[in-house]
Structures are given as structure tokens and as C-alpha cells.
Amino acid sequence: MAFTIAVDGPAASGKGTISRRLAAHFGFAHLDTGLLYRAVGRQMLEGTDPVTAARALTPEDVADADALRSQAVGQAASKVAAMPDVRAALLDFQRAFARRAGGAVLDGRDIGTVICPEAEAKLFVTASTEVRAERRFRELAAKGHETTLAEVLDDVMARDARDSARSDAPLKPAPDAVALDTTQMDIEAAVAAAIDVVQKAG
Ligand code: C5P
């Protein structure tokens with residue numbers, strides 16, 4: 001039976017970790033939809049037309065998730081994500097994943113609003129901009145990416161602004177999403193709160 005958990009929110013809100021942990025807890029498959037846009041963004045940086053890249057995307061393109069996590073690729077991702085033809089090319093794959101048998105967790109910006117408005121459980125994960133930048137900075141530093149906190153803060157704010165302002169599938173909570181502000185929560189508390197939301201929805 002299909003059961004979809006939609007997890008949306010701005011950059012570095014904690015939605016990725018929460019989604020992975022929800023998937024493990026419920027035994028569901030997990031799709032980080034940001035990786036699709038990151039893979040298209042990377043190909044654009046390499047000179048490929050983004051719409052062509054989106055239409056031809058294969059699982060190998062998202063296999064090396066670490067290489068897709070750089071800030072340059074993140075910025076390129078948010079640029080290609082504003083292109084309606086890119087979004088359209090990635091729609092069917094995400095919808096099919098969402099409705100697969102056995103349950104699915106998808107995280108992104110438009111899962112509860114556009115990809116899967118009928119999702120059984122919806123979360124909108126937020127945290128203050130400063131806390132999100134600090135978390136992302138620590139994550140990038142741990143993976144050996146060279147950057148500064150100020151640079152990460154600029155990066156997060158620029159992506160949020162672009163993701164919220166675009167006309168096609170902007171970042172915004174679905175009317176029926178449960179808001180989860182993780183500013184004051186550690187990851188264990190955030191995961192526990194998310195599990196609680198899903199249990200109440202099911
Ligand atoms: O989630 P992540 O930060 O990896 O996403 C990278 C970029 O991909 C975002 O800044 C956003 O522009 C885009 N994105 C999107 N819709 C999604 C997931 C990601 O537009 N469902």
C-alpha cells in the first residue's frame with residue numbers, strides 16, 4: 001500500500017536528516033529530490049543544456065551525492081529549478097516514486113504542494129537562517145569543502161530567496177502541512193517530533 005511522507009523546507013533546515021531517519025524508522029524508501037536538481041545544475045555548469053540534462057537524467061547522475069553537495073552546484077541547482085521545463089521533466093519520476101508500494105519519504109521544496117498533494121503526511125521543516133547556515137557550514141567543513149560561515153550564510157539566503165520567489169512551484173508550506181521549527185531542537189528531538197506527526201497522520 002502506498003503511503004507518502006512529504007518533507008519540505010528551506011536549505012539546511014534539517015529536512016534531509018529527518019527524512020532519512022523517518023524512512024529508516026518506517027521502513028520506507030527515501031528520495032532526496034534536491035539531488036535531481038543538483039545533478040542537472042552540475043551538468044549545466046559543465047555546459048549541457050539544463051532541459052536536455054533533466055530529460056536524460058539517470059540514477060548514475062545522482063550516485064555521487066557528495067560531489068553534488070558543493071555550494072556552486074547548489075546555486076546552479078536553484079537556477080535550473082526555476083525553469084518550468086526542467087521541473088516538468090523531473091515530475092513523473094518523483095510522482096511514481098512517491099506512490100510506490102511499501103511507502104516513501106520525499107524531501108524537497110514542492111513535495112506537499114505539487115509533486116504529491118495527496119501525501120498522507122506532510123511536514124514543513126524550518127529553522128532560523130543563522131542556525132541553518134551554521135549547520136550547513138559544519139556539514140561542509142566535515143566533508144572537506146573549503147568555505148566560511150559568512151559565505152555559507154550568503155549562499156543559503158540567496159537560494160532561499162530564489163526558491164521562494166520563482167513562479168513555478170515556489171518554496172511554501174502546503175496548507176495542510178505540519179510546521180516543525182527545529183531552531184531549538186537537536187536532531188533526536190526533531191526526529192521524534194516528525195515521527196509523532198506521521199503516526200498521528202496514519
Ligand atoms: O535540497 P537541496 O538544498 O539539495 O536542493 C537544491 C536546490 O534544488 C534548491 O535550492 C532548490 O532550488 C531545488 N529544489 C527544488 N525542488 C525540490 C528540491 C530541490 O526546487 N523539490
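Just so it is clear, the structure is predicted and the values come from calculations on it, not from any experiment.

## A short note on the UniProt feature "binding site: ATP" (unreviewed entry) in the protein
Alright, step 1. With numbering aligned to this structure, UniProt lists the feature "binding site: ATP" (unreviewed entry) at G9, P10, A11, A12, S13, G14, K15, G16 and T17.
Alright, step 2. On the secondary structure map, G14 appears in the loop between strand 1 (4-8) and helix 1 (15-26).
Alright, step 3. For G14, the residues in contact, after removing those within four places along its chain, are V125, A127, T182, I187 and A190.
Alright, step 4. Within the secondary structure layout, K15 lies in helix 1.

## A look at the nonpolar core
Alright, step 1. The biggest cluster of nonpolar side chains holds 25 residues, and the ones touching the most others in it are I5, V7, L106, L123 and A194.
Alright, step 2. Elements supplying a minimum of two residues to this core: strand 1, helix 1, strand 3 (104-108), helix 6 (111-115), strand 4 (121-126) and helix 9 (187-201).
Alright, step 3. Those residues in contact with L106 that lie beyond four places of it in its chain are T4, A6, L31, T33, Q94, F97, A98, I111, I115 and C116.
Alright, step 4. Core analysis: the second largest hydrophobic core is formed by 16 residues, L36, V40, V80 and L90 among them.

## Points about the sheet that holds strand 5 (residues 178-181)
In any sheet, the strands associate via hydrogen bonds between backbone groups, in a parallel or an antiparallel arrangement.
Alright, step 1. A sheet is described by the order of its strands in space; here five strands give the open sequence 2-3-1-4-5, paired in parallel fashion. Edge positions in the open sheet fall to strand 2 (29-32) and strand 5, since each of these has one partner strand only. Direction aside, neighbouring strands of the sheet carry axes that sit 20° apart on average.
Alright, step 2. Direction of pairing for strand 4 relative to strand 5: parallel, over a ladder of four bridges. Across the sheet, residue T126 finds its bridge partner in strand 5, namely D181.
Alright, step 3. Set on the sheet, helix 5 (residues 84-98) makes contact with strand 1, strand 2 and strand 3; between it and strand 3 the angle comes to about 140°.
Alright, step 4. The strands touched by helix 9 within the sheet are strand 1, strand 4 and strand 5, with strand 4 carrying the most contacts at an inclination of about 155°.

## Re the environment of A11
Alright, step 1. Relative to the assigned elements, A11 resides in the loop between strand 1 and helix 1.
Alright, step 2. A11 sits 114 residues away from V125 along the chain, and the two C-alpha atoms are 9.8 Å apart.
Alright, step 3. When sequence neighbours within four positions are dropped, the list of residues in contact with A11 reads R132, R136, V156, R159 and D160.

## Regarding the pairing of strand 3
Alright, step 1. By the criterion of burial, strand 3 is predominantly enclosed, with five of the five residues buried.
Alright, step 2. Because side chains alternate across strand 3, one face comprises the buried residues A104, L106 and G108, and the other comprises V105 and D107, equally buried.
Alright, step 3. Summarising the sheet, strand 1 and strand 3 pair through five bridges and their orientation is parallel. Bridge pairing in strand 3 links D8 to G108.

## A look at helix 7 (residues 129-142)
Alright, step 1. Compared with an ideal rise of 1.5 Å per residue, which puts 14 residues at 20 Å, helix 7 spans 20 Å between its outermost C-alpha atoms and is within 8% of the ideal.
Alright, step 2. Of the residues making up helix 7, those classed as buried are R132, A133, R135, R136 and F137.
Alright, step 3. Buried-residue contacts for helix 7 involve helix 8 (149-165).
Alright, step 4. G144 lies just past helix 7 and shows a positive phi near 85°.

## Observations regarding the packing of helix 1 against helix 9
Alright, step 1. Packing of helix 1 against helix 9 brings their axes to within 10 Å, and their N-to-C directions diverge by 55°. Relative to helix 9, the element helix 1 is oriented oblique. The crossing of helix 1 and helix 9 is right-handed. Residues T17, I18, R21, L22, H25 and F26 of helix 1 lie in contact with helix 9, whose contacting residues are I187, A190, V191, A194, I195 and V198.
Alright, step 2. Among the residues forming the contact of helix 1 with helix 9, the class breakdown is nine nonpolar, two polar and one charged.

## Describing the pairing of strand 1
Alright, step 1. Counting buried residues in strand 1 gives five out of five residues, a clear majority hidden from the surface.
Alright, step 2. Residues of strand 1 alternate between two faces, with T4, A6 and D8 on one and I5 and V7 on the opposite face, all of them buried.
Alright, step 3. The pairing of strand 1 with strand 4 spans four bridges and is classified as parallel. Along strand 4, the bridge assignment pairs A6 with K122.

Criteria and thresholds
Residues numbered from 1 in each chain as written. Predicted model: local features only at pLDDT ≥ 70, side-chain atom pairs only at ≥ 80, totals over all residues. UniProt positions renumbered as here; feature names shortened; annotations may be inferred. Helix = DSSP H or I, 4+ residues; strand = E, 2+ residues; numbered from the N terminus. Contact = placed C-beta atoms within 7 Å. Core = buried A, V, L, I, M, F, W, Y, C linked by C-beta atoms within 7 Å. Buried ≥ 20, exposed ≤ 12 C-beta atoms within 10 Å, placed from the backbone. Pairing = 2+ DSSP bridges. Axes fitted to C-alpha atoms, helices over the stretch in contact; angles between N-to-C directions. Expected span 1.5 Å × (residues − 1). Parallel < 35°, antiparallel > 145°, perpendicular 65-115°, else oblique. Left-handed = near helix turned anticlockwise from the far one by under 90°. Nonpolar A, V, L, I, M, F, W, Y, C, P; charged D, E, K, R; others polar.

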